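Chains, contacts and geometry: an overview
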Amino acid sequence: MDGILTIGIIVCIAVLPVMFSAKFSKAKNTGFWICFFAVIVASILGDFSSSFVSNELLAGVVSIAATGVVFSQMLGAKYIQSVVIAVLAYGIRLVTVNILVGAGIETQLMHV
């Protein structure tokens, strides 16, 4: 049961910021499942791009660019809008994880 809860929390931390950012940016497709699949594809492309680029900063830029392409195609937004969605989602995710770590939630998740 704890494993299912952990997976649910991880999925929410990954998908909900994209949903909120897409709605804020007025993208056409902002449903949970389309955002879920967009996050999966963007994660695969980001990992793929970072394996070919040795410089971490450049790999991050390439990853954001690839995420923008994925989000523009899957969420029905313009490219610049999609890059904004990616950056906003990253910021929301960063703040959320820091709050969870500060609250001591991460230690409970690590023991599962």
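Residues numbered from 1 in each chain as written. Predicted model: local features only at pLDDT ≥ 70, side-chain atom pairs only at ≥ 80, totals over all residues. Heavy atoms only, no water.

**Examining helix H1 (residues 2–24)**
The periodicity of an α-helix, 3.6 residues per turn, causes residues three or four places apart in sequence to face the same way. Compared with an ideal rise of 1.5 Å per residue, which puts 23 residues at 33 Å, H1 spans 32 Å between its outermost C-alpha atoms and is within 8% of the ideal. Taken together, the buried positions of H1 are Thr6, Ile13, Val15, Pro17, Val18, Met19, Ser21 and Ala22. Once H1 ends, the next one or two residues include Lys26, with phi positive near 60°. (Helix = DSSP H or I, 4+ residues; strand = E, 2+ residues; numbered from the N terminus. Expected span 1.5 Å × (residues − 1). Buried < 20%, exposed > 50% of the residue type's maximum accessible area, 1.4 Å probe, protein only.)

**Considering the nonpolar core**
Judged by nonpolar contacts, the single largest core of 17 residues is most densely connected at Val18, Ala27, Cys35, Phe71, Leu75 and Ile85. Among the secondary structure elements, those contributing two or more residues to this core are H1, helix H2 (32–52), helix H3 (56–74) and helix H4 (79–102). In terms of residue count, the dominant contributor to this core is H2 (five residues). Apart from residues lying up to four places away in sequence, Val18 is in contact with Cys35, Val39, Phe71, Leu75, Ile85, Ala89 and Arg93. (Core = buried A, V, L, I, M, F, W, Y, C linked by side-chain atoms within 4.5 Å. Contact = heavy atoms within 4.5 Å.)

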